Every structure is written in C-alpha cells, then in structure tokens.
Amino acid sequence: MKIHLIVGARPNFMKAMPVYNELKSNCNDWDIKLVHTGQHYDYEMSKVFFEVLSLPEPDIFLDVRSGTHGEQTGKLIERIEKVLMEHKPEIVMVFGDVNSTLAGSIAAAKLGIKIAHIEAGLRSFDRTMPEEINRVVTDVLSDYLFVTEKSGIENLKREGIDERKIFFVGNTMIDTLYKILPKCSEEDLKKFNLKKNDYILVTLHRPSNVDDRDRLEEIMRILEEIGSKKPVIFPVHPRTKKMLKNFNIKTENILLINPLNYKDFLTLERYAFCVITDSGGIQEETTCLNVPCITLRPNTERPITEEIGTNIVLRDRPISDIIKMMDNIYEGRWKKGRIPDLWDGNAAKRIVEILKESFKF
Ligand code: UD1
C-alpha cells in the first residue's frame, strides 16, 4: 500500500505528525511518503516545526511558496499532480483547510486516487474565508472523512455525503498537544520574562483582521490598552508583520516577537491568563488547556469550543468589547471548559485502524 501525506502550511504539521508516526509504527509494509508543498517556507513557519515535532525531512519538497490564491493553488496542483503521477500512491492524505489541502485533493481526485481528509466537516458557513472554500471542496472529493467534532458529522450529512465515508475519530492536533505538553514547563516562561497567569497571548493573521488598515489599527489600539494592565505577548505571523509595516502601525505596550516553535508556543498558551486570537486551532488548544480564549472573528467552524469549551467568539460586536470580556476573566466569571469527546490523544490510532481495515486484502 502506498500512501502520500500532503502538508504545506504551519497548522498542517501538528495534525500530520501523530498520523505519520502511527503509520510508520503500525503499517510496516506500507510505503509512506511525506510531501511538503512549501506553501510555508520561512524557517519559523516550517522547518522549526519539523524539528520540534521530530518529523523527518519530507521525502518530497515542492517549494511552491506564496502568491495570489489562483497562482498558489494552481502551482500546488501542477506540482502535486506530477508527484502523484510518478509515485502512484493508492491513497493521499490531506489535513485541515489550507490551500495545500485543496490542491492535494483536486490533484488526487482527478487521478482517481482515494483521498483521506483529516479534520473534515468543519464549517464556518462564511464563503469569504478562503479556508471555507477549501473545506467544502476537499470534503466533496474525499473518500475517508475523519471528523474532529460532532458538528462535522451533521454538516457532512446535510451536504449529502455518504455516511459510510464519515468517521468521528477525534482530533490529531490534540494528540500532538498531549505529546508535547509534558515538555512545556513554567521554567520556560523565564526566557520571555513572563509569569504564570500574568500575561495575555495574542495571535492574528486572518486577512479579514490584518489586511484592512482601520480594523488592524483599531485592534492594535485595544491591545495597547490591554497591555497597560498586563503584559501582552504577540508572536507575529509574516502576513501580519508585512501589514503592520505597510500601515506604519507602531506599538508600545505590546511585546511583538517572531513566530514561535510549537513547544514554546504551547508553553505560552498553557500558562496564559487568556488568549486573544483569530486562529482555528488555537480555539481548540485553549479549550483543552482550560485557558480562556477570545476569538476575533465573526464566526467559528469549531462550535464545540464555544458550546463546551473556554472559547467565546467576538462575532459582530465592536472590538472594544474585548475589554469588557476581559473584565469577566479578571473577576473570575469566565466559563469553565470541558474536553470534547474523543480529544483524548488517540485520534491517529483510530484513523490508522480504519485505513488498515479498509485496505486489508
Ligand atoms: C495559511 C492558511 C491559513 C492558516 C495559516 C496558518 C490558506 C488559504 N491559508 O494562511 O488557513 O491559518 O496559513 O499560518 O492556505 N509568508 C511568509 N513566509 C512563509 C509563509 C507565508 O513570508 O513561510 C507570507 C507571504 O507574504 C504570504 C503571506 O505570508 O503571501 C501569506 O501566506 P499564505 O500561505 O498565502 O497564507 P497564510 O496567511 O499563512
């Protein structure tokens, strides 16, 4: 059995690692190849994750890099198709909702190769998000839809996907979290000059927040205000860095740092007083860590993190409402979270069992 795992952007690496390891240790006679598209290429956005997660060098590297969505996705499809035509895997595995996910599934589907989608079924119902388009198209083309939360099952059924293709397995990103968490100690906060429960961690990179000058200026103004009470630490994504520079936005009370490796970032998340983010995965990680999370987005494709977790989505409220929301945390009135079903560190095991069973001769 030949399987290709296609990864390309930062959040893919954490989702792929446990599946890759599980395949390697349990499917000895399978030919397993890791294909890195190069959608993310900076050391801090890519290689450092391979190092911290002990992932091997990719077997195939496609060096696609950035561009408009059409340019990037087009290049991705072209290069992935060549690899698939040469190696002829029986199954291609794609992760999450980035452009590499979409391109991997289109290239595989056109060649009649079976597709396994890890993190299928999530929906924000907001087609202005590039990721939503990637999710919908990937799911419609997939043969194995591995779902992280129950909303995913409902969404896929509603879209008419055959139930026999849908598998509720849990969350491979949370497998990785449990694996790395024991290595994250309070001691490590010293290098950031921070104290447990005494700082706010911020991440922002969505085009809807950072590509618009007025919106980004307003967010940074509110963060400045928050930073006058407790330290605010903000590892800055390359897109955000570029926009802060273009808009000439300066900060005083916010500690802007380069993107962090997974272990350091998880350490900051674990001990944060609260997290303010527009990421997808961070809503899930904070729920697992029982850390309050405020999500600067109009919606979430991960509703379980609001239903039973520690996440609250700002939705269409003004950005200044973050300050009111934070008062609730200061006054100890934030909700307590629970860990969603099957987020137990064993999602990759379930996925590999299902694939093995399905490809048994
Ligand atoms: C991508 C994903 C997004 C995910 C995010 C995590 C898509 C559509 N979006 O967004 O879902 O949450 O990754 O980080 O796939 N850049 C660099 N160095 C890099 C990578 C990017 O400088 O290593 C810069 C480039 O200027 C590029 C911009 O960041 O134009 C955006 O990169 P891109 O991969 O297009 O999307 P992200 O915003 O990173």
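Thresholds, definitions, all that
Residues numbered from 1 in each chain as written. Predicted model: local features only at pLDDT ≥ 70, side-chain atom pairs only at ≥ 80, totals over all residues. Heavy atoms only, no water. Helix = DSSP H or I, 4+ residues; strand = E, 2+ residues; numbered from the N terminus. Contact = heavy atoms within 4.5 Å. Expected span 1.5 Å × (residues − 1). Buried < 20%, exposed > 50% of the residue type's maximum accessible area, 1.4 Å probe, protein only. Arc of directions from axis to C-beta. Near = heavy atom within 4 Å. Polar contact = N/O pair within 3.5 Å; in protein donor to acceptor, adjacent residues only side chain to side chain. Areas by Shrake-Rupley, 256 points an atom, 1.4 Å probe, with all protein chains shown as cover. Domains from an automatic or database assignment. Pairing = 2+ DSSP bridges. Axes fitted to C-alpha atoms, helices over the stretch in contact; angles between N-to-C directions. Buried area = accessible area lost by both parts, 1.4 Å probe. Salt bridge = Lys/Arg side-chain N within 4 Å of Asp/Glu carboxyl O. Core = buried A, V, L, I, M, F, W, Y, C linked by side-chain atoms within 4.5 Å.

Looking at the environment of E22
Right, on to step 1. Note on placement: E22 falls in helix α1 (residues 10-26).
Right, on to step 2. C-alpha separation for the pair E22 and V352, spaced 330 residues apart in sequence, amounts to 6.9 Å.
Right, on to step 3. The residues touching E22, leaving out its near neighbours within four places in the chain, are C27, A348, K349 and V352.

Some remarks on helix α15 (residues 347-358)
Right, on to step 1. With 12 residues, α15 should reach 16 Å at 1.5 Å per residue; the first-to-last C-alpha distance of 17 Å fits that figure.
Right, on to step 2. Listed as buried for α15 are A347, A348, I351, V352 and L355. Projected down its long axis, α15 carries its buried residues within an arc of 125 degrees, all on one side.
Right, on to step 3. Here the buried face of α15 lies against β1 (2-7), α1, β4 (91-95), β5 (114-120), β6 (144-147) and α7 (172-180).

A look at the site of the ligand
Right, on to step 1. Around the ligand sit 20 residues in total, of which Q39, H40, N99, E131 and H205 are the nearest.
Right, on to step 2. Within the side chain of H205, one N or O atom sits 2.8 Å away from an oxygen atom of the ligand.
Right, on to step 3. Isolated, the ligand exposes 740 Å² of accessible area, and the fraction of that covered by the protein chains is 89%.
Right, on to step 4. The set of elements that each furnish at least two residues to the shell around the ligand consists of α1, α3 (69-87) and α10 (238-246).
Right, on to step 5. Here the shell around the ligand spans two domains, and each of domain 1 (2-171 + 343-358) and domain 2 (186-330) adds at least three residues to it.

A short note on the sheet that holds strand β9 (residues 232-235)
Right, on to step 1. Overall, parallel pairing links the six strands, which are arranged β10-β9-β8-β11-β12-β13 in an open sheet. Because the sheet does not close on itself, it has two edges, and the strands there are β10 (254-257) and β13 (311-313). The mean angle between the axes of side-by-side strands here comes to 20 degrees, regardless of whether they run parallel or antiparallel.
Right, on to step 2. Strand direction decides the pairing type here: β9 and β10, joined by four bridges, are parallel. Opposite F234, over in β10, you have L256 as the bridge partner.

Some remarks on the domain arrangement of the protein chain
Right, on to step 1. In terms of domains, the protein chain is made up of domain 1 (2-171 + 343-358) and domain 2 (186-330).
Right, on to step 2. Computed from C-alpha atoms alone, the centre-to-centre distance between domain 1 and domain 2 is 27 Å.
Right, on to step 3. In this assembly, 24 residues from domain 1 lie in contact with 22 residues from domain 2.
Right, on to step 4. The contact between domain 1 and domain 2 buries some 1800 Å² in all, and 58% of this surface belongs to carbon and sulfur atoms.
Right, on to step 5. On the domain 1 side of the interface with domain 2, the three residues burying the most area are E44, E149 and W343, jointly 25% of the side's total.
Right, on to step 6. At the boundary of domain 1 with domain 2, the tally comes to five salt bridges.
Right, on to step 7. Where domain 1 meets domain 2, there are seven residue pairs in polar contact (both at pLDDT 80 or more).
Right, on to step 8. At the level of elements, α1, α2 (47-52), α5 (130-141) and α6 (150-158) are the ones that each hand at least two residues to the side of domain 1 that touches domain 2.

Topic: the nonpolar core
Right, on to step 1. Of all hydrophobic cores here, the largest spans 60 residues; its most connected members are M93 and L355.
Right, on to step 2. In terms of residue count, α1 provides more of this core than any other element does, seven residues in total.
Right, on to step 3. No fewer than three residues from each of domain 1 (2-171 + 343-358) and domain 2 (186-330) sit in this core.
Right, on to step 4. Not counting the four nearest positions on each side in its chain, M93 is found in contact with I3, H4, L5, I6, V19, A116, I118, I351 and L355.
Right, on to step 5. In this structure, V202, F234, I294 and L296 belong to the second largest nonpolar core, which totals 30 residues.

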